[in-house]
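# A look at the structure
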Amino acid sequence: MEANKELKSIINSGRIPNAFLFEGPAGSGKLKSAIDFTQSLFMLNSSNNNLVTNFSKNLAHPDFHIIFPIPSSEKKAENSCDFYCKDWIEYAITNDLEINIKGWNDRLDIKKQPQIGINTVSTLYKKLSLSSFASGYKIVLFWMADRMNNEAGNKLLKLVEEPGDKTVFIFIAEDGGSMLKTLDSRCQKISFTNEGRKTFDNDDFYENIFS
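Because the structure is predicted, anything quoted here is derived from the model rather than measured. (Residues numbered from 1 in each chain as written. Predicted model: local features only at pLDDT ≥ 70, side-chain atom pairs only at ≥ 80, totals over all residues. Heavy atoms only, no water.)

### Section: the pattern of salt bridges
Per the stated rule, a full pass over the model turns up eight salt bridges. A salt bridge links Asp36 to Lys32, with the nearest nitrogen and oxygen atoms 2.9 Å apart. Of the two residues, Asp36 and Lys32 are both situated in helix H2 (residues 30-43); the distance of four residues between them amounts to about one turn of the helix. You can call Asp36 buried: its relative accessible area is 6%. Exposure remark for Lys32: the relative accessible area of 23% places this residue in the partly exposed category. (Salt bridge = Lys/Arg side-chain N within 4 Å of Asp/Glu carboxyl O. Helix = DSSP H or I, 4+ residues; strand = E, 2+ residues; numbered from the N terminus. Buried < 20%, exposed > 50% of the residue type's maximum accessible area, 1.4 Å probe, protein only.)

In structure tokens form, the structure reads like this:
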């Protein structure tokens, strides 16, 4: 089944797995589809539609958490994605969600390859222990999850194995085979290609929700 049709089918079924792996080459629209899918999940049982309608424009929602590769630092504050989140969102929105690791490196102006390490994952435990702000889903999106090291993967594994109520993890990777095998095996895989690419169109879904 074509990736975006499969995602629409999952939304319409109401049976949402707690972990997804969006896998495919650069330029296949994985991030755009992940954001549209997240917005659709927020529409389910959400108590605040204003938050949802603005989400795709600013990627801001108290129940949405982004994890992405960052450079290692001796400064504790700089070892968290929160420190770089504003830059990442601005980079993503400015480029219409068509982003890659080279562009992110250029944005950071660093020579060393950034990665998703254990410090970036550790902050999730506290965030996900809180109740949903909008009484709906809590979403954690991992961009370039194939750059997660094994230490971070093992730390994350317990969260994925024992997720809280309505907690969904979305891993975006160009090479899902690079992820920790035990983590990879717990994800529903959605495959993307550059052929016949189509944006995840959820207008019909929104219309049904609002009606």
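### Quick notes on the pairing of strand S4 (residues 167-173)
The element S4 is extensively covered by neighbouring structure, given that seven of its seven residues are classed as buried. Residues Thr167, Phe169, Phe171 and Ala173 point to one face of S4 and Val168, Ile170 and Ile172 to the other, with burial holding for every one of them. As paired strands, strand S1 (residues 19-23) and S4 are joined by five bridges and run parallel to one another. By the bridge assignment for S4, Ala19 is matched with Phe169. Relative to S4, strand S3 (residues 138-143) is paired through six bridges, and the arrangement is parallel. Each residue of the ladder has a partner; that of Phe142, found in S4, is Phe171. (Pairing = 2+ DSSP bridges.)

### Re the confidence of the model for the chain
Residues with a pLDDT of 70 or more make up 89% of the chain, whose mean pLDDT is 87. In the model of the chain, helix H9 (residues 203-210) stands out as the element of lowest mean pLDDT, 44, in contrast to S4, which has the highest, 97. Predicted confidence is poor over residues 204-211, with pLDDT under 50, and the contacts of this stretch with residues over four places away or in other chains come to 14 contacts. (pLDDT = per-residue confidence, 0-100. Contact = heavy atoms within 4.5 Å.)

### Let's talk about the environment of Pro71
Looking at the element boundaries, Pro71 is found in the loop between strand S2 (64-67) and helix H4 (81-94). Taking C-alpha positions, Pro71 is 8.6 Å from Ile116, a pair spaced 45 residues apart along the chain. Discounting residues that sit within four places of it in the chain, Pro71 has contacts with Glu78, Asn79, Tyr84, Leu108, Ile110 and Pro114.

### Some details on the sheet that holds strand S5 (residues 188-191)
Reading across from one edge, S2-S3-S4-S1-S5 is the order of the five strands in this open sheet, with parallel pairing throughout. Each of the sheet's edge strands pairs with one partner strand only, and the pair in question is S2 and S5. Averaged over all adjacent pairs, the angle separating strand axes in this sheet is 20 degrees, with direction ignored. (Axes fitted to C-alpha atoms, helices over the stretch in contact; angles between N-to-C directions.)

### Quick word on the packing of aromatic side chains
Applying the stated criterion to the full structure yields 13 aromatic pairs. Centroid distance Phe42 to Phe55: 5.4 Å. Interplanar angle 90 degrees. Geometry classified as edge-to-face. Of the two residues, Phe42 sits in helix H2 while Phe55 sits in helix H3 (residues 49-58), which places them 13 residues apart along the sequence. Residue Phe42 shares its accessibility class with Phe55, and that shared class is buried. The rings of Phe68, Trp88, Tyr91, Trp104 and Trp143 are connected pair by pair, giving a single aromatic cluster. Lys155 extends its terminal NZ or CZ atom over the ring of Tyr125, reaching a point 5.1 Å from the ring centre. For the cation-ring pair, Lys166 lies above Tyr137, with the distance from its terminal atom to the ring centre recorded as 5.9 Å. (Phe/Tyr/Trp six-rings, centres within 6.5 Å; stacked < 30°, edge-to-face > 60°. Lys NZ or Arg CZ within 6 Å of the ring centre and 35° of its normal.)

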